[in-house]
Amino acid sequence: MAETAKITIGGKTIDLPVLKGTTGPDVVDIRKFYAESDAFTYDPGFTSTASCESKITFIDGDAGILLHRGYPIGELAEQSSFLEVCYLLLHGELPTASAFTDFEHNITYHTMLHEQFDRFFQGFRRDAHPMAIMTGAVGALSAFYHDSTNVDDPEQRMISAHRMIAKMPTIAARAFKYFRGQPFVHPRNDLSYAENFLRMCFSVPAEDWKPNPVLTRAMDRIFILHADHEQNASTSTVRSAGSSGANPFACIAAGIACLWGPAHSGANEEALNMLMEIGTVDRIPEYVQGVKDRRYRLMGFGHRVYKNYDPRATVMQKTCHEVLAEVGDSDDPLLKVALELERIALSDEYFIERKLYPNVDFYSGITLRALGFPPEMFTVLFAVARTVGWIAQWKEMIEDPAQKISRPRQLYTGATHRPYVAVEKRG
Ligand code: CMC
């Protein structure tokens, strides 16, 4: 017999079905709860709430496990490529060789931007944060691809997915070039996804970017590590925006806006700033004391879901060592500070008790800096990678027959009904 949960409220007991996933915690189905009890449930920040059914990504935060369509993130990062992971997230299976060739062609075919689109960039102030440019520019894509704004057409949904995965590196590289005051570099279809992106960022008319397989592989791996992460804040934002039927470009722009916050992707920039502020290993104890005194948080530490080592941080730490060795920076003082800070935090009761472990952002800042990116670009790179996750989750939501417009309720604690008082009569 199917399991049920019972809630007794106002003298009435309500039976609620318990839903079972393929793995992970059971879910109490409260959809009929309000109709039967006249009460809401309360869960700010969704700490106990499953907002949707999904087959894309699974996280066991206590065990430090992250699976995409069943495949562990460590295996994907070591053995796969970002474009293959994109296919996996979108289609549910790893591609056959011929399916992958077609997919790669489809992405490559869409990398260019409409010539008129480039004029948008000139409208931003020269010192604009690249994330401000990204938020505006990606939303503006809706103005160029009217066919892809038809969310009810499955073929158009897939074309919009291809368009966004393909165009994000071009837009991100332009945001970077504009920020740097350098001319835009057009995409090249004979290069891999990561190589093309690095070239668009680092080539200048006077000197072409020199391909480097270690750095290209690191960029590709960083994209894989950030490709999707279950129902995080930006993904929930994309789903929520899409639930009204908004077009996919507008939804991804909403996701980018959410991602920008320091508690989400902005943490890698903050983590690097923190390491620079600490500066030397001898200053770590004083800094850790400040964390314990609650003057600030240890950036790149802790996670809403992981109460164990973030499996992405393991790969990122290894990638960090490889990149620093390749650029001749193995003695980077910031790496020494990071390793020692991690060692101290992992053995300190304050952090153990609260299950605070390094997250993916702890080592990504040092790695991205060594690749040549300024901190302002870190979140942009995250957005490039996460686009496939957002769009896969958006597609899944549109195709889910149980999908409804996101419309949470509230615990109202404001004034109750009172009569309007004319201004001359107010005391
Ligand atoms: N440094 C020090 N203490 C912390 C930290 C931290 N980074 N994170 C959480 N705590 C403490 C917090 O003070 C609280 O202690 P107490 O119970 O004594 O009041 C306890 O741990 C629980 O904290 P919380 O704020 O309830 O936890 P949360 O799940 O809401 O927060 C978080 C998750 C990621 C916002 C938080 O850990 C944080 O602010 N970390 C730093 C920012 C960061 O690195 N963010 C990147 C997340 S990974 C990238 C991504 O997936 O987007």
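Above: the structure in question.
Residues numbered from 1 in each chain as written. Predicted model: local features only at pLDDT ≥ 70, side-chain atom pairs only at ≥ 80, totals over all residues. Heavy atoms only, no water.

Further remarks concern the overall build of the chain. Counting its secondary structure elements, the chain contains 18 helices and six strands. The C-alpha atoms of the chain give 23 Å as radius of gyration, which agrees with the globular expectation for 427 residues (22 Å, within 12%). Considering only C-alpha atoms, the chain reaches an extent of 75 × 65 × 55 Å along its principal axes. The buried share among the 427 residues of the chain stands at 47%. Sequence-distant contacts, at least 24 apart, represent 71% of the contacts inside the chain between residues at least 6 apart. Accessible surface, the chain as shown: approximately 21,300 Å² in total, 53% of it carbon and sulfur. (Helix = DSSP H or I, 4+ residues; strand = E, 2+ residues; numbered from the N terminus. Rg over C-alpha atoms; globule rule 2.2 N^0.38 Å. Buried < 20%, exposed > 50% of the residue type's maximum accessible area, 1.4 Å probe, protein only. Contact = heavy atoms within 4.5 Å. Areas by Shrake-Rupley, 256 points an atom, 1.4 Å probe, with all protein chains shown as cover.)

Turning next to the sheet that holds strand 6 (residues 71–72). With antiparallel pairing, three strands are arranged side by side in an open sheet as 4-5-6. Taken across any chain shown, the strands that pair with only one partner, and hence form the sheet edges, are strand 4 (57–60) and strand 6. Here strand 4 pairs with strand 5 (residues 65–68) via four bridges, running antiparallel. Among the inter-strand pairings, Phe58 is bridged to a residue of strand 5, identified as Leu67. (Pairing = 2+ DSSP bridges.)

With that settled, consider the site of the ligand. Near the ligand there are 20 residues, and of these His264, Arg294, Arg297, Leu298 and Gly300 occur at the shortest range. Take Arg294: an N or O atom from its side chain is 2.4 Å from an oxygen atom of the ligand. Interatomic distance of 3.2 Å between a side-chain N/O atom of His303 and an oxygen atom of the ligand. Relative to its free-state accessible area of 940 Å², the ligand is covered by the protein chains to the extent of 76%. (Near = heavy atom within 4 Å. Polar contact = N/O pair within 3.5 Å; in protein donor to acceptor, adjacent residues only side chain to side chain.)

This paragraph deals with the pairing of strand 5. Turn length for the strand 4-strand 5 hairpin, with the two strands adjacent in sequence and antiparallel, is four residues, and the turn residue Gly64 shows positive phi of about 70 degrees. In terms of strand pairing, strand 5 meets strand 6 through two bridges, oriented antiparallel. Residue pairing for strand 6: Leu67 is matched across the bridge by Pro72. Hairpin geometry of strand 5 and strand 6 is characterised by an intervening segment of two residues between the two adjacent antiparallel strands and by a positive phi of about 50 degrees at Arg69.

Attention shifts here to the packing of helix 10 (residues 233–242) against helix 11 (residues 248–259). With their axes 8 Å apart at the nearest point, helix 10 and helix 11 run at an angle of 150 degrees to one another. If you check the angle between helix 10 and helix 11, you find them roughly antiparallel. Regarding helix 10 and helix 11, the two cross each other, and that crossing is right-handed. Across from Ala233, Ser234, Thr237, Val238, Ala241 and Gly242 in helix 10, the residues of helix 11 making contact are Cys251, Ile252, Ala254, Gly255, Cys258 and Leu259. (Axes fitted to C-alpha atoms, helices over the stretch in contact; angles between N-to-C directions. Parallel < 35°, antiparallel > 145°, perpendicular 65-115°, else oblique. Left-handed = near helix turned anticlockwise from the far one by under 90°.)

At their nearest, the axes of helix 7 (residues 154–180) and helix 18 (residues 378–398) sit 9 Å apart, and the two run at 170 degrees to each other. Between helix 7 and helix 18, the angle is such that the two are roughly antiparallel. Where helix 7 abuts helix 18, its residues Arg157, Met158, Ser160, Ala161, Met164, Ile165, Met168, Pro169 and Ala172 lie against Val380, Ala383, Val384, Thr387, Val388, Ile391, Trp394, Lys395 and Ile398. Here the contact of helix 7 with helix 18 is composed, by residue class, of 14 nonpolar, two polar and two charged. (Nonpolar A, V, L, I, M, F, W, Y, C, P; charged D, E, K, R; others polar.)

Turning our attention to the sheet that holds strand 2 (residues 12–19). Taken together, three strands build an open sheet; the order of strands is 1-2-3 and the sheet is antiparallel. Here the strands that pair on one side only, and so sit at the sheet edges, are strand 1 (4–9) and strand 3 (27–28). Sheet topology note: the strand 1/strand 2 ladder contains six bridges and is antiparallel. Within strand 2, the position partnered with Ile7 by the bridge is Ile14.

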